[in-house]
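Letter by letter, the chains look like this.
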Amino acid sequence: MFFRTFGSRAVVVRESYKDVEAVLERLGVDGVDGMVLDLGASSFQLERAARGFSFMQDGALDMRMDTRSEVSAESLIAMLSESELAGIIRSYGEERRSRSIARAVVRARQVAPIKTTKELARIVTSCFPPAERHARLHPATRTFQALRIAVNDELENIKAGLRSAIRVLKSGARLVVISFHSLEDRLVKQAFTEASLSCVCPRDFPQCVCGTIPLVKKITRKVVLASVEEIDANPRSRSAKVRVVEKI
Ligand SMILES: C[S@@+](CC[C@H](N)C(=O)[O-])C[C@H]1O[C@@H](n2cnc3c(N)ncnc32)[C@H](O)[C@@H]1O
C-alpha cells in the first residue's frame, strides 16, 4: 500500500539488506541519496500467531523473518545442545537464567518435541520463581528475543548491512537507523563510530601514520529517543533508538 503512492519509482526487493550492494548493481543503481534501516521484527510479524514471534498468542514455533529460510526456532531448539542453547539465550537475550532455561528446554524436548510458542513460554516461565512470573517483563521475553536473533542471524546481518549501507551512500547522503534493543543499538553505535574515525593510531604515537579517512560524520551526537507524545500515539516507539550519519 505505502509504496503504491510512488508508482513505478518504488521497487520492492525481497533480499537481505546485507546484500544491498549486489541488489543495487542488479538494478543498475549507482549509489543512493539516503537510506533508512528499520531493524528488528515488524508489527505484522509480531501480531500474526502463525509466525511464532510472540509468546502472547499460541502458534508454531517459527520466528523466521524470511520464510524461505530453513532454520526455524523449532528446529534450533530441537538440534542445539544444552550449552549452545544457554549461550544463545545469554548472549542474544542477556538472560541471567540462561542455563536453567536451557536445561528445562532439553528436559522437555526429551519427552516430546517443543512445537508451539505457548509451550516454550510455559517451559521458560517455570524457571522463574513464582513472584517473578507476573512481572512487567514477561519471563519469556529475553529467551524469545534470543531465539529470534539466532534464527535470523540478525546481529551478523546488521553488522554486514551497516557496512554495505555506508559503502553505497553517495557523498552527502544520510543513513538513518532505527533500532529496538540494546544489542542492535550497540552495533549501530560501534559501526558509526568506526566509520567516522579519522585516525586509528595508538594514542602514544607522536603523530598519525595510519592515514585513516573517515567515511561518515555523525549527525546525531547522542541517540534520539521517541518523545512522550510519540510514545502516547505509538507505544511501540518507546524502545526505538535512532542514529544518523552522513556520508562524507
Ligand atoms: C521493524 S520492521 C520494519 C517495519 C516497517 N518499517 C513498517 O513500518 O512496517 C523490520 C523488517 O525488516 C525485516 N528484516 C529483518 N532482517 C532483515 C534483513 N537482513 N534484510 C532485510 N529485511 C530484514 C523484518 O522481516 C521486518 O519485516
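Since the model is a prediction, treat every value here as computed from it, not as a measurement. (Residues numbered from 1 in each chain as written. Predicted model: local features only at pLDDT ≥ 70, side-chain atom pairs only at ≥ 80, totals over all residues. Heavy atoms only, no water.)

Caption draft 1: Quick peek at the site of the ligand. In the vicinity of the ligand, the contacting residues are Glu15, Ser16, Tyr17, Asp38, Leu39, Gly40, Ala41, Ser42, Gln45, Met65 and Asn157. The side chain of Ser16 places a nitrogen or oxygen atom 3.0 Å from a nitrogen atom of the ligand. Asp38 is positioned such that a nitrogen or oxygen atom in its side chain is 2.6 Å from a nitrogen atom of the ligand. Alone, the ligand offers 600 Å² of accessible surface; in the complex the protein occludes 59% of this. (Near = heavy atom within 4 Å. Polar contact = N/O pair within 3.5 Å; in protein donor to acceptor, adjacent residues only side chain to side chain. Areas by Shrake-Rupley, 256 points an atom, 1.4 Å probe, with all protein chains shown as cover.)

Caption draft 2: Representation of the domain arrangement of the protein. According to the domain assignment, the protein consists of domain 1 (2-30 + 155-247) and domain 2 (43-152). The straight-line distance from the C-alpha centre of domain 1 to that of domain 2 is 29 Å. Residue-level contacts link nine residues of domain 1 with 13 residues of domain 2. Of the roughly 860 Å² buried at the junction of domain 1 and domain 2 (both faces included), carbon and sulfur atoms supply 37%. When the buried area of domain 1 at its contact with domain 2 is split by residue, Arg14, Leu183 and Arg236 rank highest and sum to 55% of it. Across the domain 1-domain 2 interface, the total number found is four salt bridges. Between Asp66 and Arg14 there is a salt bridge; the shortest N-O distance is 3.2 Å. (Domains from an automatic or database assignment. Contact = heavy atoms within 4.5 Å. Buried area = accessible area lost by both parts, 1.4 Å probe. Salt bridge = Lys/Arg side-chain N within 4 Å of Asp/Glu carboxyl O.)

Caption draft 3: Seen up close, a nonpolar patch on the surface. Together, Phe2, Phe3, Phe6 and Val12 line one region of the surface with nonpolar side chains, adding up to about 440 Å² of accessible area. With respect to the helices, strands and loops of the structure, Phe2 is situated in the segment before α1 (20-27). (Patch = residues over 30% accessible without salt bridge, like charges linked within 9 Å, V, L, I, M, F, W, Y side chains within 5 Å. Helix = DSSP H or I, 4+ residues; strand = E, 2+ residues; numbered from the N terminus.)

Caption draft 4: Spotlight on the nonpolar core. Judged by nonpolar contacts, the single largest core of 29 residues is most densely connected at Met63, Ile77, Val105 and Leu120. Where this core is concerned, the elements lending two or more residues are α3 (73-79), α4 (82-93), α5 (98-111), α6 (117-125) and α7 (141-151). Per element, the largest residue contribution to this core is five residues, and it comes from α5. Discounting residues that sit within four places of it in the chain, Ile77 has contacts with Leu61, Leu85, Val105, Arg109, Ile114, Leu120 and Leu147. Counting residues in each nonpolar core, the second largest holds 25 residues, with Met35, Leu155, Ala173 and Phe192 among its members. (Core = buried A, V, L, I, M, F, W, Y, C linked by side-chain atoms within 4.5 Å. Buried < 20%, exposed > 50% of the residue type's maximum accessible area, 1.4 Å probe, protein only.)

Caption draft 5: Spatial organisation of the layout of surface pockets. Put simply, the second largest pocket is a space of about 220 Å³. Contributing to the lining of the second largest pocket are Lys159, Leu162, Arg163, Ile166, Arg167, Leu187, Gln190, Ala191, Glu194, Ala195 and Leu215. Residue composition of the lining of the second largest pocket, by class: six nonpolar, one polar and four charged. (1 Å grid on protein atoms, 1.4 Å probe; cavity = no way out; pocket = protein on both sides within 12 Å on 5 of 7 lines; lining within 4 Å. Points joined across faces, edges and corners; volume = space filled by probe spheres on them. Nonpolar A, V, L, I, M, F, W, Y, C, P; charged D, E, K, R; others polar.)

Caption draft 6: Quick peek at the pattern of salt bridges. If you walk through the whole model with that rule in mind, you get 18 salt bridges. Note that Glu21 and Arg167 form a salt bridge whose closest N and O atoms lie 2.8 Å from each other. Here Arg167 lies in helix α8 (residues 154-168) and Glu21 lies in helix α1, a separation of 146 residues in the sequence. For Glu21, a relative accessible area of 31% puts it in the partly exposed group. Salt bridges sharing common partners tie together Arg14, Asp66 and Arg68.

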